[in-house]
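# Structure assessment
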Amino acid sequence: MMPVVTDQPSSPIPAPAVLAAFSIDPQSPQRIDTGLINQTWSARDVRGVSCVLQRVNPVFPAEIHDDIDVVTRHLQTKGVATPVLIPTLTGKLWHEHEGAVWRALTHIEGTSYEALQNAEQAREAGRILAIFHRALADLEHTFRRTRLGVHDTARHIAQLRAALEEHRRHSEFAKIADLAAEVLELAAEIDTTPDAADRIVHGDPKISNVVFTRDGRRALCLIDLDTVARMPIAVELGDAFRSWCNPKTEDASNATFQLPLFAAAVAGYAEGSEELLNSAEWQAMPHSIFRITVELAARFCADALRERYFGWDSRRYTSASEHNQARTRGQLNLARSVRSQLAEIEELVTRATRP
């Protein structure tokens, strides 16, 4: 998961120099307001071909485009649909203008959702994520950017403890400390079995990064490949199923883990992955869902004190702290829902992987 506070200024129309670099029709850009990381426009090039233009968040170094180019070319060789980078007129994968990094990508016709609409979509999301993983399984590439510690649960728990020590004078400290105690209680239940070997994964497999056909019945591809990296695949799947199988928002007080959505998603993944995963990776998946949910609760709770990482909704909350407290409560409820259904989750994994 990658929502961060951005320091990118609002820009209703990209600069002419940026548009010229990618041969984009100056009249065509239309802002797309979804997404918390990069600023995005739909556009057309001077020939009338649809494309996507993005101002890349400075959290990402420009060199990630070398990784994206390698990954998407490899996906194409396997016949897997993917957006690809459109080079500038000078042949570069990105364009730098006034301190910002810009890129253009091919357009994939389809639609995406903020939450799964039904079990059929869950199955399709699982299938396309598995195809993505399987297609990249034989890619030999040294990534320019590594995401060290992104799911280092012990580090995130330590960061929460540090935030509690550093921000005792926070106006909301008493309420946040109570939430932190709940997070730490659940964290003590996390399975500490070492992770399996790393594989190439998407890194941010939220449902809005899956493109479906316009009727929503078929998943086409994954987008937003800034986060592609190596990590244990059970961690990626734990993050995916955590977000996919909670039909509520992350800050909803009634967040729950829905078994019908999980059953469909894991069946779709098993179908698409064929024999990619070993038994240890399948067995680690249920506990990874619990682990990643508690980890995210710890991250939200720490930022309720620090108020400097996650973006927040000023229309619904008075501060970043208030929003992160709501998110913490939502993820705590979700973690408890997962914990109470672990036996059923494990059984559904067994059914999905049974020959």
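To be clear, the structure that these remarks concern was listed above.
My aim in this report is to walk through the structure given alongside it, one point at a time. The shown structure was predicted, so the numbers you read here are calculated from the model rather than taken from an experiment.

### A word on the overall build of the chain
Counting its secondary structure elements, the chain contains 10 helices and 9 strands. Relative to the 2.2 N^0.38 estimate, which gives 20 Å for 355 residues, the radius of gyration of the chain is 20 Å and therefore close to what a compact globule would have. Along the three orthogonal principal directions, the C-alpha set of the chain runs to about 55 × 55 × 40 Å. Of the contacts formed within the chain by residues at least 6 apart in sequence, a portion of 74% connects residues at least 24 apart. As presented, the chain carries roughly 16,400 Å² of accessible surface, and 50% of it is formed by carbon and sulfur atoms. Distance between charge centroids for the chain: 2 Å, based on 39 positive and 47 negative side chains.

### Quick look at the packing of aromatic side chains
As enumerated under the stated definition, the model contains 8 aromatic pairs in all. Considering the side-chain rings of Tyr 113 and Phe 212, the 5.6 Å spacing of their centres and the 70° angle between planes classify their relative orientation as edge-to-face. Of this pair, Tyr 113 sits in the loop between strand E5 (100–106) and helix H3 (119–136) while Phe 212 sits in strand E7 (residues 210–212), placing them 99 residues apart in sequence. The two residues Tyr 113 and Phe 212 agree in class, both being buried. Aromatic pair Tyr 309 and Phe 310: ring centres 4.8 Å apart, planes at 90°, arrangement edge-to-face.

### Description of the environment of Ser 319
The topology assignment puts Ser 319 in the loop between helix H8 (279–306) and helix H9 (320–340). For the pair Ser 319 and Leu 220, spaced 99 residues apart in the sequence, the C-alpha separation amounts to 38 Å. Apart from residues no more than four positions distant in its own chain, Ser 319 is found in contact with Glu 307 and Trp 312.

### Observations regarding the pairing of strand E2 (residues 39–44)
In terms of strand pairing, strand E1 (residues 30–32) meets E2 through 3 bridges, oriented antiparallel. Residue Ile 32 lies in a different strand from E2, and its bridge partner there is Thr 40. In sequence, E2 turns back onto strand E3 (residues 50–56) through a hairpin of 5 residues, with Gly 48 there showing a positive phi of about 95°.

### Here's the deal with unusual backbone geometry
Backbone geometry places Glu 274, a non-glycine residue, at a positive phi of 55°. Summarising the element assignment, Glu 274 is placed in the loop between helix H7 (259–273) and H8.

### Structural notes on the pattern of salt bridges
Tallying each qualifying case throughout the model produces 25 salt bridges. Between Asp 25 and Arg 44 there is a salt bridge whose closest N-O contact spans 3.6 Å. Here Arg 44 lies in strand E2 and Asp 25 lies in the loop between helix H1 (16–21) and E1, a separation of 19 residues in the sequence. Overall, the relative accessible area of 22% leaves Asp 25 in the partly exposed class. Classification of Arg 44 by relative accessible area gives partly exposed; the value is 36%. Ionic pairing is found between Glu 166 and Arg 306, a salt bridge with its closest N-O pair at 3.2 Å. Note that Glu 166 is positioned in helix H4 (residues 153–166) and Arg 306 in helix H8, a separation of 140 residues in sequence.

### Let's talk about the sheet that holds E5
Read across the open sheet, the 5 strands follow the order E1-E2-E3-E5-E4; overall the sheet is antiparallel. Strands with a single pairing partner mark the edges of an open sheet, and in this sheet they are E1 and strand E4 (95–97). With direction set aside, neighbouring strand axes in the sheet form an average angle of 30°. Pairing between E4 and E5: 3 bridges, direction antiparallel. Across the sheet, residue Glu 96 finds its bridge partner in E5, namely Val 101.

### Re the side chain of Gln 341
Residue position: Gln 341 is located in the loop between H9 and helix H10 (342–353). Engagement of the side chain of Gln 341 in a polar contact is seen with the backbone oxygen of Ser 337, the distance being 3.1 Å. Not counting the four nearest positions on each side in its chain, Gln 341 is found in contact with Phe 257 and Leu 259.

### Notes on the nonpolar core
With 90 residues, the main nonpolar core has Leu 160, Phe 241, Trp 244, Phe 257, Phe 262 and Tyr 269 as its most contacted residues. Top element by residues in this core is H8. It accounts for 12 residues. Contact partners of Phe 262, with chain neighbours within four places excluded, come to Phe 241, Cys 245, Phe 257, Met 285, Ile 289, Ile 345, Leu 348 and Val 349.

### Some details on the packing of H3 against helix H6 (residues 233–244)
Taken N-terminus to C-terminus, the directions of H3 and H6 make an angle of 160°; their axes are 12 Å apart at the nearest point. Classified by the interaxial angle, the pair formed by H3 and H6 is roughly antiparallel. Pair H3 / H6 crosses with right-handed handedness. Within the contact between the two elements, H3 uses Ala 122, Ala 125, Gly 126, Leu 129 and His 133 and H6 uses Ile 233, Glu 236, Leu 237, Ala 240 and Trp 244. Among the residues making up the contact of H3 with H6, the classes are represented as 7 nonpolar, 2 polar and 1 charged.

The rules behind these values
Residues numbered from 1 in each chain as written. Predicted model: local features only at pLDDT ≥ 70, side-chain atom pairs only at ≥ 80, totals over all residues. Heavy atoms only, no water. Helix = DSSP H or I, 4+ residues; strand = E, 2+ residues; numbered from the N terminus. Rg over C-alpha atoms; globule rule 2.2 N^0.38 Å. Contact = heavy atoms within 4.5 Å. Areas by Shrake-Rupley, 256 points an atom, 1.4 Å probe, with all protein chains shown as cover. Lys, Arg positive; Asp, Glu negative; His and termini not counted. Charge placed at Lys NZ, Arg CZ, Asp CG, Glu CD. Phe/Tyr/Trp six-rings, centres within 6.5 Å; stacked < 30°, edge-to-face > 60°. Buried < 20%, exposed > 50% of the residue type's maximum accessible area, 1.4 Å probe, protein only. Pairing = 2+ DSSP bridges. Salt bridge = Lys/Arg side-chain N within 4 Å of Asp/Glu carboxyl O. Axes fitted to C-alpha atoms, helices over the stretch in contact; angles between N-to-C directions. Polar contact = N/O pair within 3.5 Å; in protein donor to acceptor, adjacent residues only side chain to side chain. Core = buried A, V, L, I, M, F, W, Y, C linked by side-chain atoms within 4.5 Å. Parallel < 35°, antiparallel > 145°, perpendicular 65-115°, else oblique. Left-handed = near helix turned anticlockwise from the far one by under 90°. Nonpolar A, V, L, I, M, F, W, Y, C, P; charged D, E, K, R; others polar.

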